[in-house]
Amino acid sequence: MATTTKRKKAAAADDIGQETRLELYRLQVELRYCEKRAYDLFLQNLIKGTSHLSLGQEAIAAGFGVAMRPDDWTFCTYRGHAHTLARGASMTGVLGELMGRSCGLLAGKGGSMHLTDVEHGVMGSYAIIGAHLPVAAGAALSAQYRGTEQVSVCFFGDGTTNIGAFHEAINFAAVWKLPVIFVCENNLYMEYTAIHTVTAVDHPAADRAAAYGLESVLVDGNDADEVYLTAMKYINRARKGGGPALIEAKTYRHSGHSRADPGKYRPEGELEKWLERDPLKIYRERLLQVGFAEGTLTDIETETMRKVEEATAAAKASPPPALDLIDKDVWADGGAAWRN
Amino acid sequence: MAELTYRDAVAAGIAQELERDERVLFFGEDVAAAGGVFKTTVGLLEKFGPRRVRDCPISEQAIIGAAMGAAMTGLRPIAEIMFSDFLAVCWDMVANEIAKARYMSHGQIQLPLVIRTANGGGARFGAQHSQAVENWAMAIPGLKVVAPATPADVKGLIAAAVRDPDPVLVFEQKSLYAMKGEVPEGEHVDRLGTAKVLRQGKDCTIVALALMVHRALEAAETLEKEHGISCTVVDVRSLVPLDTQTILAEVAKTGRLVTVEENPRLCGWGAEVASIVADECFWNLDGPIVRITTPHVPLPSADQLEDNTIPSATRIVREIRERID
């Protein structure tokens, strides 16, 4: 059975094309290495505050990142480092922001939970659960209104499916057939609590799709090929006026919810089981199986590590933000004046 | 000049901006086919069509979130929240998302959007449909806040809000919707951040907002005629930006400040005005600053109770006589 599935997936991947598959691998490696570096920088106390790592969830960010058009929009949560990088944001900009340096994407004004890079279509990372689903729908409304064929893609966790904004936004998008893809990254835990213990249905997003007249879509979020093909299908459909989609991608986060969480609530052996299904491991094995040379993959890994080292050094060398930023950019005139 | 009701002036302001700029669209609950529960948007659907004037589900978070998403991607949406009390339902969108996006993103995100809402008491709707909540918005950095008192001002300030590059909340006072007044013919665009001196006096400066402006004017009339107390009345109009120069100048002339606020007592907008005047105009004052506010209670519904809760002209006269004489 397992072998049949493996062959089927490898065959489906054949439709993807060699270049795209290498990009899917490269991107997953970049997201993994950069996120691991963020963790190391925490341990060195060079990153303060909190941070929510995507270790183990790279296939979703990579699959969508590669499928999206450069002018499509990404909306992500506080667990948004990977999605931001997946759109081509600078690694120095991301690490610099986590470290509170002036080279950061937001010059240190936003921090880990608010990564934004409008130039690359990353329209913000939203730290209040559910808030960005309506915002993504609004961007889709703008695309539909202006006829630009842009698509909004909105990523969120399983916990988000139990908050009101999730339901409001999906209904709103369905009623107006907006070009927005809602992607639930179901990593099994809302924060510290297993999602199945607090949710009335087995599949927190997919089982709710019918309530809004949408198809139930459940994918293996650890398989970059499957994610990519699903993303292409629904993004293209939305682009052509076919309306929104709600996709549940099942995955697992290798670390706790945030910096403060060692993840001790997880049953013994669960993490180990999921590490066997590590998206990078799966993808690397598949590429080798279908004939990519070991050296090609090693080259990608070496080159990516070099980029991470370079970005780390650049971020470390960057000065802290200038204090005059405190009073900048509350308003469009660049200032913060509230009185004359 | 044409005589319009406040509610028709709202529709005229929105229509003027829809006409002018294709990027403007308008949506909310019951605003299109029904013309708004307060009939403030009658005729807009017929004139501009369902692409630009849209009815939404009862989903305040979706409405305000959608306005945000549309604004950051090049449109200039006007969203309606039927009663300002319902801002509490979507306060995350307003206070956490819209107000902070530009700042947090180091200026990458622009949000030229307008949230219009029916605010304040006087209509016997009870505690969840009558609050004056403009002070909630005033407390959040990143939001501009206006509360027009006349038909001309509501049209002009809506237009100014739509053309402003930042998010603006327009608090329309629902008890004023039937009020008539002169509105300039043709295009009318006002300026945010400007107070208006409506009446000049020598004994006392009354600073008021929205419905309270009319009660302050009525009180000033009585104080002058019956008690020989002559009052300046300033309509604040815009809480953010706040025209402190006009307020400070008018307080300096009379030496006395009275604020008249529909907000409940604690942290009403007048507290900030009082603080600024105390800081910057102290040596021009001839006596203590007086704040006349709704008491710190939820608003009751029955005629007699509501009328004796929100500041009335009678109460303003009484308090000014007691404190100023």
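The rules behind each value
- Within any chain, residue numbers begin from 1 and follow the written order of that chain's sequence.
- Chains and ligands are labelled by the order in which they are written, letters from A for the one and numbers from 1 for the other.
- In keeping with the predicted nature of the model, local features appear solely for residues at pLDDT of at least 70, side-chain atom pairs appear and are counted solely at 80 or more, and the whole-chain, interface and lining totals rest on all residues.
- Helix numbers and strand numbers start at the N terminus; a helix is a DSSP run of H or I with at least 4 residues, a strand a run of E with at least 2.
- All radius of gyration figures rest on C-alpha atoms, and the globule criterion is 2.2 Å times the number of residues raised to 0.38.
- Every C-beta atom is placed from the backbone, and the number of other C-beta atoms within 10 Å of a residue's own sets its class: buried at 20 or more, exposed at 12 or fewer, partly exposed in between.
- This entry defines residue contacts through backbone-placed C-beta atoms, with two residues in contact when those atoms are within 7 Å.
- Buried Ala, Val, Leu, Ile, Met, Phe, Trp, Tyr and Cys residues whose C-beta atoms connect them within 7 Å together make up a nonpolar core.
- The split of the chain into domains comes from an automatic or database domain assignment.
- Basically, the charged four are Asp, Glu, Lys and Arg, the nonpolar ten are Ala, Val, Leu, Ile, Met, Phe, Trp, Tyr, Cys and Pro, and anything else, Gly included, counts as polar.
- When DSSP locates at least two bridges between a pair of strands, those strands are taken to pair.
- Axes, fitted as lines to C-alpha atoms, cover a helix only where it is in contact. Angles between the N-to-C directions of the axes lie from 0 to 180 degrees.
- A helix is expected to reach a length of 1.5 Å times the quantity of its residues less one.

1. Considerations on the overall build of chain A
In step 1: Within chain A, the regular secondary structure consists of 11 helices and six strands.
In step 2: For 340 residues, the compact-globule estimate of 2.2 N^0.38 gives 20 Å, and the C-alpha radius of gyration of chain A, at 20 Å, lies within 12% of that figure.
In step 3: With respect to the principal axes defined by its C-alpha atoms, chain A has extents near 70 × 50 × 40 Å.
In step 4: Considering chain A as a whole, with its 340 residues, one finds that 54% of them fall into the buried category.
In step 5: Sequence separation of at least 24 residues holds for 74% of the intrachain contacts in chain A that already meet a minimum separation of 6.

2. Some details on the nonpolar core
One recurring pattern in soluble globular proteins is that nonpolar side chains are buried together.
In step 1: One finds Ala137, Cys154, Ile181 and Val183 of chain A to be the most contacted residues of the largest nonpolar core, which totals 208 residues.
In step 2: Taken domain by domain, the makeup of this core includes at least three residues from each of domain 1 (2–183) and domain 2 (196–324) of chain B.
In step 3: Every residue in contact with alanine 137 of chain A, bar those within four places of it in the chain, is listed here: Ala169, Phe172, Ala173, Leu178 and Val180 of chain A together with Ala62, Gly65, Ala66 and Gly69 of chain B.

3. Observations regarding the domain arrangement of chain B
All names here are of chain B.
In step 1: The domain boundaries assigned to chain B delineate domain 1 (2–183) and domain 2 (196–324).
In step 2: Residue-level contacts link 24 residues of domain 1 with 22 residues of domain 2.
In step 3: Elements that contribute at least two residues to the side of domain 1 that touches domain 2 include exactly helix 6 (134–138), strand 6 (144–146) and strand 7 (168–173).
In step 4: A class-by-class count of the residues in the side of domain 1 that touches domain 2 yields 11 nonpolar, nine polar and four charged.

4. Some words on the sheet that holds strand 2 (residues 24–28) of chain B
All names here are of chain B.
In step 1: Strand order in the open sheet formed by seven strands is 3-2-4-5-7-6-12, and the pairing between neighbours is mixed. The open sheet is flanked by strand 3 (53–55) and strand 12 (238–240), the only strands paired with a single partner. The sheet shows a mean angle of 20° between the axes of neighbouring strands, direction not considered.
In step 2: Where strand 4 (residues 76–83) meets strand 5 (residues 114–119), five bridges bridge the pair, whose relative direction is parallel. Looking at the pairing, isoleucine 78 lines up with valine 114 of strand 5.
In step 3: Contacts from helix 3 (residues 60–72) reach strand 2, strand 4 and strand 5, with the element oriented near 165° to strand 4.

5. Considerations on helix 8 (residues 211–227) of chain B
Residues and elements named next belong to chain B.
In step 1: Counted at 1.5 Å a residue, the expected span for helix 8 with its 17 residues is 24 Å, and the 23 Å between its end C-alpha atoms agrees.
In step 2: Looking at the buried side of helix 8, the elements it contacts are strand 7, strand 9 (196–199), strand 10 (204–208), strand 11 (231–235), strand 13 (257–264) and helix 12 (313–324).
In step 3: Taken from the residues just after helix 8, glycine 228 is the one with a positive phi, measuring 65°.

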